[in-house]
Amino acid sequence: AQKITQTQPGMFVQEKEAVTLDCTYDTSDPSYGLFWYKQPSSGEMIFLIYQGSYDQQNATEGRYSLNFQKARKSANLVISASQLGDSAMYFCAMREIQGTYKYIFGTGTRLKVLA
Amino acid sequence: EPEVTQTPSHQVTQMGQEVILRCVPISNHLYFYWYRQILGQKVEFLVSFYNNEISEKSEIFDDQFSVERPDGSNFTLKIRSTKLEDSAMYFCASNRQKNADTQYFGPGTRLTVL
């Protein structure tokens, strides 16, 4: 069965510093998608970044980059130059390729950016 | 930019009452999903819907739950007789294609069962 693990329940980072949020996954499928979502205190799920299992390069979206290490089955999110507005819950998710392509989510990491 | 919308943003109901949560997916999307997030926990898949029928449902999605696409735009989740443990944030999501890269999530409906 597919599984997403986020081992950091909470993280602190100083404003303007970079931070890495860990995500490991487990799947036997050769093709899959990995996603990161941000959930601020208001509750909505904001898509940040996507990495396909066959992508040759690590995904980047502005200040977000995904450190994809396929052999280690890890897909860590790197946020550069942290801002106070980055304080939120961050979820890693994997898209199944069997069935209906539903998402499987990790338990999340709560990030607090300090001024 | 098109987005998924959900109403209401917050619903308070008494235990045993029926609730209907509404979603308007992005207009050219074909695949629809409901997820649930109990406070402080991870997001869990409930059900997926395509071509006017359920494609897949989780063990959470028991006989108290139902989904419907009553017209060309709305996608609803009904809970027939709410329980305290149904209190959660409910997210609707949609895909244009089954294997599309990204599911687009709505802002969620916070359901509180008293």
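To keep things clear, this report deals only with the structure shown in the data block. (Residues numbered from 1 in each chain as written. Chains lettered and ligands numbered in written order. Predicted model: local features only at pLDDT ≥ 70, side-chain atom pairs only at ≥ 80, totals over all residues. Heavy atoms only, no water.)

Notes on unusual backbone geometry
Trans is the prevailing form of peptide bonds, just as negative phi is the prevailing case for residues other than glycine. All names here are of chain B. The condition is simple: Helix and strand definitions here come from DSSP, where helices need a minimum of 4 consecutive H or I residues and strands a minimum of 2 consecutive E residues; each element is numbered from the N-terminal end.
Going from T7 to P8, the amide bond is cis rather than trans, its omega being -10°. Inspection of the secondary structure puts P8 in the loop between β1 (5–7) and β2 (10–13). Of note, N52 is a non-glycine position whose phi angle comes to about 65°, a positive value. Note on placement: N52 falls in the loop between β5 (43–50) and β6 (53–57).

Remarks on the sheet that holds strand β3 (residues 19–24) of chain B
Residue and element names in this part refer to chain B. For clarity, the cut-off: Pairing between two strands is assigned when DSSP locates at least 2 bridges connecting them. The axes are straight lines fitted to the C-alpha atoms, using for helices just the contacting stretch, and the angles between their N-to-C directions are given from 0 to 180°.
Strand order in the open sheet made by the four strands is β1-β3-β8-β7, with antiparallel pairing throughout. Both outer strands of the open sheet, β1 and β7 (65–68), are each paired with one neighbouring strand and no more. In this sheet, adjacent strand axes meet at a mean angle of 20° when their direction is disregarded. Alignment of β1 against β3, held across three bridges, turns out to be antiparallel. Considered in β3, the bridge of Q6 is made with C23.

Some details on the pattern of salt bridges
Quick note on the threshold: Criterion for a salt bridge: a side-chain nitrogen of Lys or Arg within 4 Å of a carboxyl oxygen of Asp or Glu.
Summed over all chains, the structure comprises four salt bridges over all chains. For R36 of chain B, the salt bridge goes to E44 of chain B, with nearest N and O atoms at 3.5 Å.

A few points about the nonpolar core
Residues and elements named next belong to chain A. Counted only if it meets this: Take the buried residues of types Ala, Val, Leu, Ile, Met, Phe, Trp, Tyr and Cys, join any two whose side-chain atoms come within 4.5 Å, and each joined set is a nonpolar core. Three labels apply to residues, based on accessible area from a 1.4 Å probe with only protein chains included: buried if under 20% of the type maximum, exposed if over 50%, partly exposed otherwise in between. Contacts are assigned to residue pairs that have any heavy atoms within 4.5 Å of one another.
Within the largest apolar cluster, 25 residues are counted, with the highest numbers of intra-cluster contacts made by W36, L77, Y90 and L111. Among the secondary structure elements, those contributing two or more residues to this core are β2 (10–14), β3 (19–21), β5 (33–39), β6 (46–52), β8 (64–69), β9 (74–79), β10 (88–95) and β12 (109–114). Ranked by residue count, the leading element in this core is β10, at four residues. If we ignore the near neighbours within four places in the chain, the residues touching Y90 are Q6, L21, W36, Y37, K38, L48, L77, I79, G108, T109 and L111.

Some thoughts on the state of the cysteines
Inclusion rule: Disulfide assignment relies on a single distance test, namely cysteine sulfur atoms paired within 2.5 Å.
Taken as a whole, this structure holds two disulfides over all chains when the rule is applied. Sulfur-sulfur distance for the disulfide between C23 of chain A and C92 of chain A comes to 2.0 Å. What sets the handedness of the C23 of chain A and C92 of chain A disulfide is the S-S torsion sign, and at about -65° it is left-handed. In this pair, C23 of chain A is assigned in the loop between β3 and β4 (24–26) and C92 of chain A in strand β10, connecting sequence segments 69 residues apart. Exposure remark for C23 of chain A: the relative accessible area of 1% places this residue in the buried category. Looking at C92 of chain A, the relative accessible area reads 0%, which means it is buried. Across a sulfur-sulfur distance of 2.0 Å, C23 of chain B and C92 of chain B are joined as a disulfide pair. On the sign convention where negative means left-handed, the S-S torsion of about -60° between C23 of chain B and C92 of chain B marks this disulfide as left-handed. Here C23 of chain B, found in strand β3, pairs with C92 of chain B, found in strand β9 (residues 88–95); they are 69 residues apart in sequence, far enough to count as distant. Taken as a pair, C23 of chain B and C92 of chain B share a single burial class, namely buried.

No statement about biological role is implied by the geometric values presented.
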